[in-house]
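Architecture and fold: a report
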Amino acid sequence: MKAKLSATTSKSSKASPSHPQQQERQPGSGLVPGSKQQHSGPPDSRAGGANGPAALAGSGGGAAPADQRHLLPPLTPEEMRRQYAESLPLLRDVPPGDKQAVFVRKLHLCAFSFDFTDPTAHVREKEVKRQTLLELVDYVNSGSGKFNEQVAEDIMFMLTSNLFRALHPLKASLGLHDQESFDLDEEEPNLEPAWPHLQIVYEFLLRYVVSSDTDAKVAKKHIDQNFVVHLLDLFDSEDPRERDYLKTILHRIYGKFMVHRPFIRKAINFVFYRFVFETEHHNGIAELLEILGSIINGFALPLKEEHKQFLQRALMPLHKPKCLPAYHQQLSYCVTQFVEKDPRLADAVIRSLLKFWPLTNSHKEVLFLGELEEVLELTQAEEFARVQEPLFRQISRCLTSSHFQVAERSLFLWNNEYIVQLVAQHRETVLPLVIGALEHNAKHHWNPAVHSLTLNVRKMFQEIDGPLYERCRQQCEEVEQRREAEQHRRRQQWEAVEAAAARAAAAVASGGGSGNGLLPRR
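Rules and cut-offs
- Residues numbered from 1 in each chain as written.
- Predicted model: local features only at pLDDT ≥ 70, side-chain atom pairs only at ≥ 80, totals over all residues.
- Heavy atoms only, no water.
- Helix = DSSP H or I, 4+ residues; strand = E, 2+ residues; numbered from the N terminus.
- Contact = heavy atoms within 4.5 Å.
- Buried < 20%, exposed > 50% of the residue type's maximum accessible area, 1.4 Å probe, protein only.
- Axes fitted to C-alpha atoms, helices over the stretch in contact; angles between N-to-C directions.
- Parallel < 35°, antiparallel > 145°, perpendicular 65-115°, else oblique.
- Left-handed = near helix turned anticlockwise from the far one by under 90°.
- Nonpolar A, V, L, I, M, F, W, Y, C, P; charged D, E, K, R; others polar.
- Arc of directions from axis to C-beta.
- Phe/Tyr/Trp six-rings, centres within 6.5 Å; stacked < 30°, edge-to-face > 60°.
- Lys NZ or Arg CZ within 6 Å of the ring centre and 35° of its normal.
- Salt bridge = Lys/Arg side-chain N within 4 Å of Asp/Glu carboxyl O.

Let's talk about the overall build of the chain
- When its secondary structure is counted, the chain shows 25 helices and 0 strands.
- If you take every contact in the chain between residues at least 6 apart in sequence, the share linking residues at least 24 apart comes to 73%.

Considering the environment of Ile 223
- Among the secondary structure elements, Ile 223 is positioned in the loop between helix 11 (216–219) and helix 12 (225–234).
- Look at Ile 223 and you get buried, because its relative accessible area is 1%.
- Note: C-alpha distance between Ile 223 and Val 209 (14 residues apart in sequence) is 9.2 Å.
- Aside from chain neighbours lying at most four places away, what touches Ile 223 is Met 156, Tyr 208, Val 209, Ile 253, Phe 257 and His 260.

Regarding the packing of helix 16 (residues 305–315) against helix 17 (residues 328–341)
- At their nearest, the axes of helix 16 and helix 17 sit 11 Å apart, and the two run at 150 degrees to each other. Put simply, helix 16 runs roughly antiparallel to helix 17. You can see that helix 16 and helix 17 cross each other, and the crossing is left-handed. Each of His 307, Phe 310, Leu 311 and Leu 315 in helix 16 lies in contact with helix 17, whose residues at this interface are Leu 331, Cys 334, Val 335 and Phe 338.
- Here the residues of the contact of helix 16 with helix 17 sort into 7 nonpolar, 1 polar and no charged.

Some points on the environment of Leu 234
- You can see Leu 234 is positioned in helix 12.
- Given a relative accessible area of 3%, Leu 234 falls into the buried group.
- Considering only alpha carbons, one finds Leu 234 and Gly 284, 50 residues apart in sequence, at a separation of 8.6 Å.

Some thoughts on helix 16
- Where helix 16 is concerned, the buried positions are His 307, Phe 310, Leu 311, Ala 314 and Leu 315. Each buried residue of helix 16 lies within a common arc of 115 degrees when the element is viewed along its axis, so the set occupies one face.

As for the packing of aromatic side chains
- Summed over the entire model, instances satisfying the criterion amount to 18 aromatic pairs.
- Residues Phe 103 and Phe 147 carry aromatic rings whose centres are separated by 6.0 Å and whose planes lie at 35 degrees to one another, so their mutual orientation is tilted. A residue pair is termed long-range when its members are at least 10 positions apart, and Phe 103 in helix 5 (residues 99–109) and Phe 147 in the loop between helix 6 (123–142) and helix 7 (149–163) qualify at 44 residues. Like Phe 147, Phe 103 is buried.
- Among the aromatic side chains, those forming a connected cluster through ring pairs are Phe 103, Tyr 139, Phe 147 and Tyr 208.
- Over the aromatic face of Phe 116 sits the side chain of Lys 126, whose NZ or CZ is 4.6 Å from the ring centroid.

Things to note about the pattern of salt bridges
- Enumeration according to the criterion identifies 30 salt bridges in this entry.
- Ionic pairing is found between Asp 239 and Arg 241, a salt bridge with its closest N-O pair at 2.7 Å.
- Note on Arg 241: relative accessible area 34%, which makes it partly exposed.
- In this structure, the salt-bridge partner of Asp 347 is Arg 351, at a minimum N-O distance of 2.8 Å. One end of the pair is Asp 347 and the other is Arg 351, both in helix 18 (residues 346–355) and 4 residues apart, which spans about a single turn.
- The class of Asp 347 is buried, set by a relative accessible area of 14%.

In C-alpha cells form, the structure reads like this:
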C-alpha cells in the first residue's frame, strides 16, 4: 500500500539515470554508489535498516561550493571527518552576500548522523552539529531572505538524512499474540536516543514550513507526496515527543500546501486501513486523529460524499481494535464533529457503533456508552425514531450487565435531559424494551449504586406515563411467569430422565429384571 502511494510522487522528484548530478540531488533517495536504480518508496521502519553514512554513501561529490549547490556531499566517515575538521564562521558574522553559501555548507554539515547509543563516540562532532542546528533554526526565524529552489534542495537533503530512518523494531514487530499481552500503561516507551539532534531538526522543519520566506510554489516540489508518506511512516515512532512534533508539522503542511490536502487525507486513510485490518498496532493513531479533528472542523457544508465515506470506511472501523482506549477520546471527537455538521449522519453512526459493540470487553463498553451519549445529544427526533429499537435492545443488555460500571454508565443516559426528552416522545417503543432490565435490576442486581439508579429511572418512567408503565410492567410479569413455567417444565422432564436412568442402572447392577435401558417417552 505504501509503495502504491510512493508511486504517485510528482515527476519533479525523479532523476534521469543519464545525469549523475541529478541523481545526487535526490535527498534521502537511497541511491547506492554505482547504481542507477532509484528507490521510490519510503524506508521500511520495520526492516531494521539503518540511517547514516551507509544509507546515502556516494550520493554526491565534495562539499558544495556556493556556485555548485547541485553537488551534495557523500555521507561517508571520511567526508564527515573532513568537513568537521574545518570550522565555519557564525552566520551573524558573515557578510550578507556570503550568508547563503555558508548556510548551505552548514546544512551539509548537519546532514551527517551519529550513533547516540555510544556516548563516547564523536563527542566533539555531536556538539558542533547541535550548535550548528540551533544556528540554522535562528537563521530561518530571522527572515534573512527567500529560500530559492537550489537552497530548498539542500534543506531537504539535510532533513531527509536526519529524519527518515528505521524506527525501533521491538514493538513494531510484535505478533498479535504478543500484542494482547502487552500493556501500554505498564511499559515505558522506547525513547529515541538521537533526540538531542532530532528535536532541533524537527524545529527547523517546522520553522521552514511556516516561514513567510518559504515560497509554497517552490517548496511543494520538494515537500511532495513522497515526503508526506515518509512523515506518516514516522508516526509509528514510540517516542511521544517525536509524534507531537510530527502532528504539528503535518498539520502545518496541510494548511500551507493546498494541492496536497486530498492526498494527505487519503494517505491517512491507508494508515488506518492497515492498522484496523492487518496489524492492529500503531503508535500514532491518536496524533493522526487529532490532525483529522481539526481538518473535519473546517469542512464546508454540505459535506461532500467523499467525507461521508471517510466517516463510514475509515473512522467507524477504528472502534474495532482492542487498543481503542489509547485513542478513543480523539476518535469520539472526530465522529461527533461529523454528526454536529450533519445530524442526518446520526443514524449511520449509531448503527455502526452497534455493529462494533464489544461483547466481552467491559472497558470498551463504557467508552462506547460515553460516545453514544455524545452522539445522541446531537441526534434529531427523526433519526432517533429510525434507530431506537436496535439501540435500546443493546442498552437493555447493558443495564443488566454484571459489571457495575457498564450498568451504571448505561443508567446515566437518563441523567441527560435531551435524551430523556427523546425517550419521552417515543416511550411507547422504548419502555417495553427496557422495562424487563429495570425490573431485573430492581430485584436482583448486586451493586447498591446500580440498584439505586434503577429505582430513579423506574420512577422517572412512572412520572412520564404511569398507565403505560403499569401496562408494560404487567406484560413483563406475564412474560416472566411464562418463562419460569417453561423452566419448571424442563426441570421436571430432566428429573424424570435422571430418575429413569437411575432405575435402569440399579436394575442392571442387581442383575434382576429385564430392563432394556430405554428411557420413558416424553
